[in-house]
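Chain by chain, the residues:
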Amino acid sequence: EAQVTQNPRYLITVTGKKLTVTCSQNMNHEYMSWYRQDPGLGLRQIYYSMNVEVTDKGDVPEGYKVSRKEKRNFPLILESPSPNQTSLYFCASSPTSAEQFFGPGTRLTVL
Amino acid sequence: AQSVAQPEDQVNVAEGNPLTVKCTYSVSGNPYLFWYVQYPNRGLQFLLKYITGDNLVKGSYGFEAEFNKSQTSFHLKKPSALVSDSALYFCAVRDMPDDYKLSFGAGTTVTVRA
């Protein structure tokens, strides 16, 4: 089944404790992206990647890191999480500039 | 910079009535426009897109949208709403074909009452 998977789906952590949210797609898509969803703000793009080893900042990259060492994986790293990073995170992929396929989301709470 | 506005936080309609969800955009070049839907506790699902060509775009679940360049709008429509259409709808825009930044509106919650 063609899909985008994210792990973990739910995470409660404490301020400053490094964490990684994994994202993987099995559709051989070049493009992958991370978003955060906050009430009243819609989805805001954090980082995106046009292909392996090619990444760029979205609208809200502060406090996040990404890497794209393999085509299928695009992990999101929070080196020192803070409470304002409490949010619902989505990973997405697409073949080019077409519509994106979204993962199920990761609900992160930073205490 | 590109941006999207969804002027209505909520839209309420009766089942069987027409449904319209409004979206306006701002870009410097040519827009790629998308509509997505999010059901409770689910990820986003693609509904339809406008890249080029016919201004009236048809998508999934009976939805359609009309691209209006002069009004910079891309309103989502459904002729006869269903209770199952109740969800959160997002409009999104990409500025140019080679620009991979995607901007979303704040979302519109649609409630269809039986």
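Residues numbered from 1 in each chain as written. Chains lettered and ligands numbered in written order. Predicted model: local features only at pLDDT ≥ 70, side-chain atom pairs only at ≥ 80, totals over all residues. Heavy atoms only, no water.

Chemist: Quick question: what am I supposed to make of the interface of chain A and chain B here?
Modeler: You'll often see interface size given as the accessible area lost when the parts meet. Counting residues at the interface gives 23 residues for chain A and 20 residues for chain B. A combined buried area of about 1700 Å² lies between chain A and chain B, and 55% of that area is made up of carbon and sulfur atoms. Of the charged contacts in the structure, one is a salt bridge between Glu 99 of chain A and Lys 49 of chain B, with a shortest N-O distance of 2.9 Å. On inspection of chain A and its partner chain B, the count reaches five residue pairs in polar contact (both at pLDDT 80 or more). (Contact = heavy atoms within 4.5 Å. Buried area = accessible area lost by both parts, 1.4 Å probe. Salt bridge = Lys/Arg side-chain N within 4 Å of Asp/Glu carboxyl O. Polar contact = N/O pair within 3.5 Å; in protein donor to acceptor, adjacent residues only side chain to side chain.)

Chemist: Just checking my understanding: could you explain the pattern of salt bridges for this structure?
Modeler: Once the charged atoms of two side chains with opposite charge are near each other, the side chains can pair. Residue and element names in this part refer to chain A. Here the structure, examined in full by the defined rule, presents nine salt bridges over all chains. A salt bridge links Glu 79 to Lys 65; the nearest nitrogen and oxygen atoms lie 2.9 Å apart. Of this pair, Glu 79 sits in the loop between strand S8 (76–78) and strand S9 (87–94) while Lys 65 sits in strand S7 (residues 65–66), and the two are 14 residues apart along the sequence. Given the relative accessible area of 36%, Glu 79 is considered partly exposed. Sharing partners across several salt bridges, the network here consists of Lys 18, Lys 65 and Glu 79. (Helix = DSSP H or I, 4+ residues; strand = E, 2+ residues; numbered from the N terminus. Buried < 20%, exposed > 50% of the residue type's maximum accessible area, 1.4 Å probe, protein only.)

Chemist: Please clarify how the layout of surface pockets should be interpreted in this entry.
Modeler: Sizing a probe to match a water molecule and rolling it over the atoms shows the empty space that remains. Here the largest pocket defines a volume of roughly 440 Å³. As for the largest pocket, its lining consists of 25 residues, and the residues nearest its centre are Gln 37, Leu 88 and Arg 107 of chain A together with Gln 38 and Leu 88 of chain B. Elements supplying a minimum of two residues to the lining of the largest pocket: strand S4 (31–38) and S9 of chain A together with strand S10 (87–94) of chain B. Considering each element in turn, the lining of the largest pocket owes the most residues, three residues, to S9 of chain A. Grouping the constituent residues of the lining of the largest pocket by class yields ten nonpolar, ten polar and five charged. Contributing to the lining of the second largest pocket are 16 residues, with Ala 2, Phe 101 and Phe 102 of chain A together with Leu 44 and Gln 45 of chain B lying nearest its centre. Sorting elements by how many residues they give to the lining of the second largest pocket places strand S6 (residues 44–50) of chain B first, with three residues. (1 Å grid on protein atoms, 1.4 Å probe; cavity = no way out; pocket = protein on both sides within 12 Å on 5 of 7 lines; lining within 4 Å. Points joined across faces, edges and corners; volume = space filled by probe spheres on them. Nonpolar A, V, L, I, M, F, W, Y, C, P; charged D, E, K, R; others polar.)

Chemist: Looking at this structure, how should I read the sheet that holds S7 of chain A?
Modeler: Hydrogen bonds between backbone groups are what pair the strands of a sheet, and the pairing can be parallel or antiparallel. All names here are of chain A. With antiparallel pairing, the four strands of this open sheet are ordered in space as S1-S3-S8-S7. The strands lining the two open edges of the sheet, one partner per strand, are strand S1 (4–7) and S7. Where S7 and S8 come together, two bridges link them in antiparallel fashion. For Lys 65, the partnering residue across the bridge sits in S8 and is Ile 77. (Pairing = 2+ DSSP bridges.)

Chemist: Sorry, what's going on with the state of the cysteines here?
Modeler: Note: disulfide means a covalent bond formed between the sulfur atoms of two cysteine side chains. For the coordinates displayed, the defined rule picks out two disulfides over all chains. Cys 23 of chain A shares a disulfide with Cys 91 of chain A; S-S distance 1.8 Å. On the S-S bond that ties Cys 23 of chain A to Cys 91 of chain A, the torsion sits near -70°, and the link is left-handed. Of the two residues, Cys 23 of chain A is situated in strand S3 (residues 19–25) and Cys 91 of chain A in strand S9; the sequence distance between them amounts to 68 residues. Judged by its relative accessible area of 2%, Cys 23 of chain A falls in the buried class. At a sulfur-sulfur separation of 2.0 Å, the disulfide partner of Cys 23 of chain B is Cys 91 of chain B. Handedness here is read from the sign of the S-S torsion; for Cys 23 of chain B and Cys 91 of chain B, about -65°, the answer is left-handed. Of the two residues, Cys 23 of chain B sits in the loop between strand S3 (19–21) and strand S4 (24–26) while Cys 91 of chain B sits in strand S10, which places them 68 residues apart along the sequence. The pair Cys 23 of chain B / Cys 91 of chain B is uniform in exposure class, with both members buried. (Disulfide = S-S within 2.5 Å.)

Geometric values such as these leave the question of function open.
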